[in-house]
Each structure stands twice: as C-alpha cells, then as structure tokens.
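Structural features, examined
What follows is the residue order along each chain.
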Amino acid sequence: MDELTILRQQMDSVKKSLEESKIVNRKLMVTVMKQKSSWLNNYVMLEVIALPLLFLLLWGECVALGVPVWFSIVFIIGAVIDVIVDFKTTRIPPSDFARLDMLSLRRKLTRQKRQRYIQLIVSLPLALAWGGWFVYECNKSIMGDEYIDGNMAFWINIGVVAVTVIACIVVVLAIYKKMNSVNDDIIGTIDDSEAADRSE
C-alpha cells in the first residue's frame, strides 16, 4: 500500500513538473513570437508617423514646382487607406499572443498573408501609376521650355520615370518579402510547438 502511495505521488509530481514545463515553454514561445512580430508592428507605426511628413513634403514640392496640388491630396488619401489596411493585414497586436490559442493565431497569420498579397496586387499598380505621373509632371515643370522644344528632354524624363518605377517595385517587393518571412517564421514556431506537444 505504501509503495502504491509513493508511486502515485511520484506520478503526480512528474505530471505537475510536465505541466509547469509546458507553461514555461509557452511563455518562452510567446516572448519569441512577440519579438519576431515587433518588426511588423514597428513598420506600421513608422508608416503612421511618416504620413503627415510626406504629405507636407509633397504639398510643398507641388507648390514650388507648379505641379497640381491634387497629386499630394491623392497621395494622402491612398496612403491613409493603405495604412488602415496594414493594421489588418500586417500588424499583430501583442495581446493576440495571450488572447488566442495557437491554432487561432496560426489561422490569423495565414489569413493576413493572403490578404497582404491581395493588398499588394491592388495597391502597387495604383501607387506606381501615381508615382510615375508625379515624377513626369515634376520633371516636365523643371525642364520648362526645354521640355517643349526638344525630344531629348522628353526621353530623359521618360527614363527618369522608368528608373523611379523600377526602384519602387524593388523596394516594395523587398518589404513584402520581409513581411512574409517574419510571418512564416512565427507560423513555423507555432508548428514546431504543436509537433512537440503531440510527441509528448
């Protein structure tokens, strides 16, 4: 009887130790995922901070170069919509790691990745069309009579627009790739944790 009691106590002790170990592992995993998601959250906050500064810069440039100010108005409207969408498709609130179970969090991250792709294929062409036209109008204003009188000035302007568009595509795709990399990293952490739980 004493041996059975001792054995039961040992089993209870092992069980308790395993439960405590799971809790500690969960806390460590949440900490790691929060650290990984901080890049995404900081990026969205940087967008919010940069928006009014970029708007003022563009407004001033439009006024200084005689370019229609509606370029800056269109920019701020489009940028605000994009940032609002980023709060849904990119930002991961730290509270989600405590509030959601791992399966729900994984579903959310997978959904964000899909939504971010849709956001990219809608917003990138619009942004490039706006950016290309804006650079074209700015260069046209700077060149003045030269632009009107010579074909060379026209083609130089087209070249500048093309280089600007290509540079924007490269930067946007690099940011998009980084976002997906962070997203996949967190999903991988969840999958590893789930696999470890099933093997126990």
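Below you will find a few notes about this structure. One numbering rule holds for all chains: residues counted from 1, following each sequence as written. Owing to the predicted nature of the model, reporting of local features is limited to residues with pLDDT of at least 70; listing and counting of side-chain atom pairs is limited to 80 or more, with chain, interface and lining totals taken over all residues. Excluded from the side-chain calculations are hydrogens and water; all other atoms, namely the structure's heavy atoms, are used.

Strands here mean DSSP runs of E at least two residues long; helices mean DSSP runs of H or I at least four residues long; both are numbered from the N terminus. Check the secondary structure of the chain and you find six helices and zero strands. Element order for the chain, N to C, with α for helix and β for strand: α-α-α-α-α-α. A 1.4 Å probe rolled over the protein chains alone gives each residue an accessible area, and that area as a share of the maximum for its type sets the label: buried under 20%, exposed over 50%, partly exposed in between. Classification of the 200 residues of the chain by burial places 30% in the buried group. In what follows, a contact means two residues having at least one pair of non-hydrogen atoms within 4.5 Å. The contacts in the chain between residues at least 6 apart in sequence include a share of 74% that link residues at least 24 apart.

With respect to the helices and strands, the residue Lys108 is situated in helix H4 (residues 102-143). A relative accessible area of 16% means that Lys108 is categorised as buried. Other than its neighbours up to four places away in sequence, Lys108 contacts Pro93, Asp96 and Leu100.

Here a salt bridge means any side-chain nitrogen of Lys or Arg lying within 4 Å of a carboxyl oxygen belonging to Asp or Glu. For the coordinates displayed, the defined rule picks out five salt bridges. Here Lys36 makes a salt bridge to Asp185, at a shortest N to O gap of 3.9 Å. Placement of Lys36 in helix H1 (residues 2-65) and of Asp185 in helix H6 (residues 151-199) is noted, with a sequence separation of 149 residues between them. Judged by relative accessible area, which is 25%, Lys36 ranks as partly exposed. In this structure Asp185 comes out as partly exposed when scored by relative accessible area, which is 41%. Residue Asp184 pairs with Lys113 through a salt bridge whose shortest N-O separation is 2.8 Å. With Asp184 in helix H6 and Lys113 in helix H4, this pair connects stretches of sequence that are 71 residues apart.

Here the focus is the nonpolar core. Only buried residues count toward a nonpolar core. Its members are Ala, Val, Leu, Ile, Met, Phe, Trp, Tyr and Cys residues joined through side-chain atoms within 4.5 Å. Counting residues in hydrophobic clusters, the biggest one holds 15 residues, and the most contacted among them are Met33, Leu105, Leu109, Ile186 and Ile190. Those elements giving two or more residues to this core turn out to be H1, H4 and H6. In terms of residues, this core owes the most to one element, H6, which gives five residues. Leu51, Leu58, Cys62 and Trp130 belong to the second-largest nonpolar core, a separate cluster that totals twelve residues.

The next subject is H4. Taking 1.5 Å as the rise per residue, H4 with 42 residues should run 62 Å; its terminal C-alpha atoms sit 58 Å apart, in good agreement. One axis fitted to the seven residues ending at a residue, another fitted to the seven starting there: the angle between these axes is the bend at that residue. At Ser123, H4 shows its largest kink, close to 25 degrees, and the proline Pro125 lies no more than four residues downstream. Its side-chain oxygen 3.1 Å from the backbone nitrogen of Leu103, Asp101 forms the N-cap of H4. Residue count minus one, scaled by 1.5 Å, sets the expected span of a helix. Here a polar contact means two N or O atoms within 3.5 Å. Within protein one must be a hydrogen donor candidate and the other an acceptor candidate, and residues neighboring in sequence count only if both atoms are side-chain atoms.

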